[in-house]
Structures are given as structure tokens and as C-alpha cells.
Amino acid sequence: KECCPVWPGDGSSCGQLSGRGVCQDVILNSSAAGPQFPFSGVDDREDWPTVFYNRTCQCLGNFMGYNCADCKFGFRGPNCTERRTMVRKEIFRMSSAEKSKFIAYLNLAKHTTSRDYVIVTGTYAQMNNGSNPMFADVSVYDLFVWMHYYASRDAFIGEDGLWRDVDFAHEAPAFVPWHRYFLLHWEHEIQKLTGDENFTIPFWDWRDAQGCDICTDEFLGGIHPTTSNRLSP
């Protein structure tokens, strides 16, 4: 139950020989769950990630990543000491070339298998307590689709039981910080995939919008001409 991969730069776990990180026990928050989830020990996401592993890399300084190979957000350089400022652009202020590049990057991410991550395809119980691993390769793009699903899906409580009363990714205080961190990671993985460290995801400033300004085929997709609850072809 140890997930402390080697950093290829020095061949040591978590890059420990280079001072990038150390392998240590996962420290959990001891606070009890709220009344929205009156169960214990029924869902793999409780006390995450200890059902799968309880030792992992603790990165030091400005390093981050599963093996401390990456720089923390806001830093770059071989030793992650150079400050960097990224400025995201409002989607309506993007040029045609910028929009085309954005779509091309998303398509590349959709069709490129992640070199670093796999996803689980069953519960820990279905894996016979880990003796029958159930994992699958995933594209760089679909990794984040799955991650978002995994955080927000219903809780499994027994053979056929589901607990639908709370979605911890959206109906809880973590909504804003969780999604900010999620988008930073998504942006970071596309930067690594494309080799474009200046890539940023655009944002939509909806404060004065009278409707869904981006619900057009040029952006997120317009409304279907005959079925209003579907996207256009």
C-alpha cells in the first residue's frame, strides 16, 4: 500500500536524493463526516486515499506531482525556483488562432493516452481487497472527466445500495477550492502534453450575461434545432 514512485532524474523514490520529496505515511483529517453522510467504511472515497495506499510522496519546496517531478503552480525551471505568472483570457477576447489552438489541444488530449495515470474500474471490494487489480488506461482528457465523476458520483453502500443525498464535490464547502485545483491540474497536464508551458484555459465572464452567451456552435455548442434539451449536431 505504498505509492512512492521513482523520480527518473536521480533514480530515487520521490526524488529524495535530490531533496525533491520523501515517502511518508498519509496523514488524515480526524474530523467526523457531517450528517449528510451517516455511514462509515462503505465507500472507497472515505479517508481517501488510504483504501488503496497509505504511504505516498510528500513533495518539498516548490516541487509537486506523484513523484515530485513537477513544479508547483506558479513556478518553473529545472529546480522550480523561477516565478511565473499565468494570465487566463476571457473566451470572447480570444483570437481565431487562439481558439483554434485551444480546440486542437483538447483534441490532442482526447486522443493521447496518459503516460502517468490509470483509472480504477471497480471498487476495492470488487478487487478482492486489492488482490485482483482493476485498472484501465485513459486519455489525458478523459482522466479529468473520470476524476470529476469519481468525486461527485453516488456513494455505494452495500451490494445494490446507493446514497444519492449528497454530492461532496458540489454540495459542500469544497465546491470552489476543489474545482479551482481541478482546473489547475487539467491546465498543467495539457501544458505537459503539448510542451506549451504558456497555455492557459480560457474563462467565461458571465456576470453581466443575459443568457448562455457561450451556448453556440462556435463555443460549447448551440441548442438542437428540434430537441431543446440536446446540443446541436
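Residues numbered from 1 in each chain as written. Predicted model: local features only at pLDDT ≥ 70, side-chain atom pairs only at ≥ 80, totals over all residues. Heavy atoms only, no water.

This paragraph deals with the state of the cysteines. Enumeration according to the criterion identifies five disulfides in this entry. Note on cysteine connectivity: Cys 14 is disulfide-linked to Cys 57, with sulfurs 2.1 Å apart. In this structure the cystine formed by Cys 14 and Cys 57 twists about its S-S bond by roughly -85 degrees; its chirality is therefore left-handed. Of this pair, Cys 14 sits in the loop between β3 (12–13) and β4 (21–25) while Cys 57 sits in strand β5 (residues 55–59); the two residues are 43 residues apart in sequence, bridging distant segments of the chain. Of the two residues, Cys 14 and Cys 57, both sit in the buried class. For Cys 71, the disulfide goes to Cys 80, at an S-S distance of 2.1 Å. Taking the torsion about the S-S bond as the criterion, the Cys 71 to Cys 80 disulfide, at about -80 degrees, is left-handed. Cys 80 carries the same exposure label as Cys 71, and that label is buried. (Disulfide = S-S within 2.5 Å. Helix = DSSP H or I, 4+ residues; strand = E, 2+ residues; numbered from the N terminus. Buried < 20%, exposed > 50% of the residue type's maximum accessible area, 1.4 Å probe, protein only.)

Turning our attention to helix α3 (residues 175–194). Along an α-helix, residues three or four apart share an orientation, since each turn contains 3.6 residues. Its 20 residues place the ends of α3 29 Å apart at the C-alpha level, agreeing with the 28 Å of an ideal helix rising 1.5 Å per residue. Every buried residue of α3 is accounted for by His 179, Phe 182, Trp 186, Glu 187, His 188, Glu 189, Ile 190 and Gln 191. Those residues of α3 that are buried are in contact with β6 (63–64), β7 (70–71), α1 (96–110), β10 (113–120) and α2 (140–152). At the C-terminal side of α3, Gly 195 shows a positive phi close to 75 degrees. (Expected span 1.5 Å × (residues − 1). Contact = heavy atoms within 4.5 Å.)

Moving on, we come to the UniProt feature "domain: Tyrosinase copper-binding" (unreviewed entry) in the chain. Here the UniProt-annotated "domain: Tyrosinase copper-binding" (unreviewed entry) positions come out as residues 170–187. Between the first and last C-alpha atoms of residues 170–187 the distance is 20 Å; the span itself is 72% helix and 0% strand. (UniProt positions renumbered as here; feature names shortened; annotations may be inferred.)

Strands belonging to one sheet form pairs held by backbone hydrogen bonds; the direction of such a pair is parallel or antiparallel. Ordered in space as β1-β5-β4, the three strands form an open sheet in which the pairing is mixed. Since the sheet does not close on itself, it has two edges, and those belong to β1 (2–3) and β4, each with one partner. Inspection of the sheet shows β4 paired to β5 by five bridges, in the antiparallel sense. Opposite Gly 21, over in β5, you have Cys 59 as the bridge partner. (Pairing = 2+ DSSP bridges.)

Bringing the domain arrangement of the chain into the picture now. The assigned domain composition of the chain is domain 1 (1–85), domain 2 (91–202) and domain 3 (206–232). Counting from both sides, the interface comprises 18 residues of domain 1 and, opposite them, 25 residues of domain 2. A combined buried area of about 1900 Å² lies between domain 1 and domain 2, and 60% of that area is made up of carbon and sulfur atoms. If you sort the residues of domain 1 by the area they bury against domain 2, Arg 45, Tyr 66 and Phe 73 come out on top, with a joint share of 32%. Across the contact surface, domain 1 and domain 2 share three salt bridges. Taking the shortest distance from any N to any O, the salt bridge between Arg 76 and Glu 197 comes out at 2.9 Å. In the side of domain 1 that touches domain 2, the residues fall into eleven nonpolar, one polar and six charged. (Domains from an automatic or database assignment. Buried area = accessible area lost by both parts, 1.4 Å probe. Salt bridge = Lys/Arg side-chain N within 4 Å of Asp/Glu carboxyl O. Nonpolar A, V, L, I, M, F, W, Y, C, P; charged D, E, K, R; others polar.)

This part takes up the packing of aromatic side chains. Tallying each qualifying case throughout the model produces 14 aromatic pairs. On the basis of an interplanar angle of 70 degrees and a centroid distance of 5.7 Å, the ring pair of Phe 144 and Phe 182 is categorised as edge-to-face. Taken together, the residues Phe 144 in helix α2 and Phe 182 in helix α3 connect sequence positions 38 residues apart. Its relative accessible area of 4% is what places Phe 144 among the buried residues. What makes Phe 182 buried here is its relative accessible area of 11%. Taking 4.7 Å as the distance between ring centres and 20 degrees as the angle between the ring planes, the aromatic pair formed by Trp 146 and Tyr 150 counts as stacked. In this pair, Trp 146 and Tyr 150 both sit in helix α2, four residues apart, roughly one turn of the helix. In this pair, the class of Trp 146 matches that of Tyr 150, namely buried. Lying over the aromatic face of Trp 7, Arg 20 brings its terminal NZ or CZ to 4.0 Å of the ring centre. Across from the ring centre of Phe 156, 4.2 Å away, lies the NZ or CZ of Arg 153, which sits over that ring. (Phe/Tyr/Trp six-rings, centres within 6.5 Å; stacked < 30°, edge-to-face > 60°. Lys NZ or Arg CZ within 6 Å of the ring centre and 35° of its normal.)

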